[in-house]
Amino acid sequence: MNEEVQALLRKARRFLRAAENQLRSDFPEEGASRAYYAMFTAAKAMLLLRAPRATKHRPVRRKFEELLVNTGRVERKFLTYLEVGLQSRQFADYETDLTYVVTPEEAEARLREAGEFVDMAEEFLKEGKP
């Protein structure tokens, strides 16, 4: 695992801790947003050695699906976690409470999924899967 991949995984873990802190402080929207960023950053780490560097959300999602899910290297549920997490983040970051409110339960679900996603990414990268 190269230095940049390790740095991305450390950052993903920091995003998870930030999400936990936001939820404990009764900020579910911010927690859901940070949980998504944990998954996004872990996905970027997984793709780093497999594809040209992608930094935008849709290209990372597309490459994750193409190179890791469609090839059977990663379970499809992790793509679903990434997609639902992005949707929650967009609601949390861009909508007002007149349009949509991320509930504490929704934010907790995103945090659980993000934890599972980051664990999977670390294991995947530790094993050096092709």
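Above this text is the structure in question.
Residues numbered from 1 in each chain as written. Predicted model: local features only at pLDDT ≥ 70, side-chain atom pairs only at ≥ 80, totals over all residues. Heavy atoms only, no water.

J.: Help me understand the nonpolar core, please; the structure alone is not making it clear to me.
T.: What tends to happen in soluble globular proteins is that the nonpolar side chains get buried as a cluster. Counting 43 residues, the largest nonpolar core has Met-46, Phe-64, Val-74, Phe-117 and Met-120 as its most contacted members. Of all the secondary structure elements, the ones that give two or more residues to this core are helix H1 (3-24), helix H2 (28-47), helix H3 (57-69), helix H4 (76-94) and helix H5 (104-127). For this core, the element with the highest residue contribution is H2, accounting for twelve residues. Setting aside its immediate chain neighbours within four residues, Phe-117 contacts Met-39, Ala-42, Ala-43, Phe-64, Phe-78, Tyr-81 and Leu-82. (Core = buried A, V, L, I, M, F, W, Y, C linked by side-chain atoms within 4.5 Å. Buried < 20%, exposed > 50% of the residue type's maximum accessible area, 1.4 Å probe, protein only. Helix = DSSP H or I, 4+ residues; strand = E, 2+ residues; numbered from the N terminus. Contact = heavy atoms within 4.5 Å.)

J.: Is there a simple way to explain the environment of Asp-26 in this structure?
T.: Tracing the backbone through its elements, the reader meets Asp-26 in the loop between H1 and H2. We classify Asp-26 as exposed; its relative accessible area is 59%.

J.: Would you mind showing me how to read the packing of H3 against H4 here?
T.: Angle between the axes and distance between the axes are the two parameters that describe a pair of packed helices. Relative orientation of the contacting elements H3 and H4 amounts to 170°, with a least axis distance of 10 Å. Between H3 and H4, the interaxial angle falls into the category roughly antiparallel. Contacts between H3 and H4 pair His-57, Arg-58, Arg-61, Phe-64, Glu-65 and Val-69 from the former with Arg-76, Phe-78, Leu-79, Leu-82, Glu-83, Leu-86, Arg-89 and Gln-90 from the latter. Of the residues that constitute the contact of H3 with H4, the class distribution is six nonpolar, two polar and six charged. (Axes fitted to C-alpha atoms, helices over the stretch in contact; angles between N-to-C directions. Parallel < 35°, antiparallel > 145°, perpendicular 65-115°, else oblique. Nonpolar A, V, L, I, M, F, W, Y, C, P; charged D, E, K, R; others polar.)

J.: What's the story with the pattern of salt bridges in this structure? I'm lost.
T.: Pairs can form between side chains of opposite charge whenever their charged atoms are close. One pass over the full model with this rule turns up ten salt bridges. With a shortest N-O distance of 3.7 Å, Arg-76 and Glu-65 are connected by a salt bridge. With Arg-76 in helix H4 and Glu-65 in helix H3, the pair connects residues that are eleven residues apart, well separated along the chain. Given a relative accessible area of 45%, Arg-76 falls into the partly exposed group. Residues Glu-113 and Arg-110 are paired through a salt bridge, measuring 2.9 Å at the closest nitrogen-oxygen approach. Here Arg-110 and Glu-113 lie together in helix H5, a separation of three residues that amounts to about one turn. Take Glu-113 and Arg-110: they sit in the same class, and that class is buried. Three or more residues are tied together by salt bridges with common partners; here these are Arg-61, Glu-65, Arg-76 and Glu-83. (Salt bridge = Lys/Arg side-chain N within 4 Å of Asp/Glu carboxyl O.)

J.: Would you mind going over H3 with me for this structure?
T.: Considered for burial, the residues of H3 that qualify are Val-60, Arg-61, Phe-64, Leu-68 and Val-69. Angularly, the buried residues of H3 cover 100° about the axis, an arc narrow enough to put them on a single face. Contact partners of the buried residues in H3: H2, H4 and H5. (Arc of directions from axis to C-beta.)

Any link to function would need more than the numbers given here.
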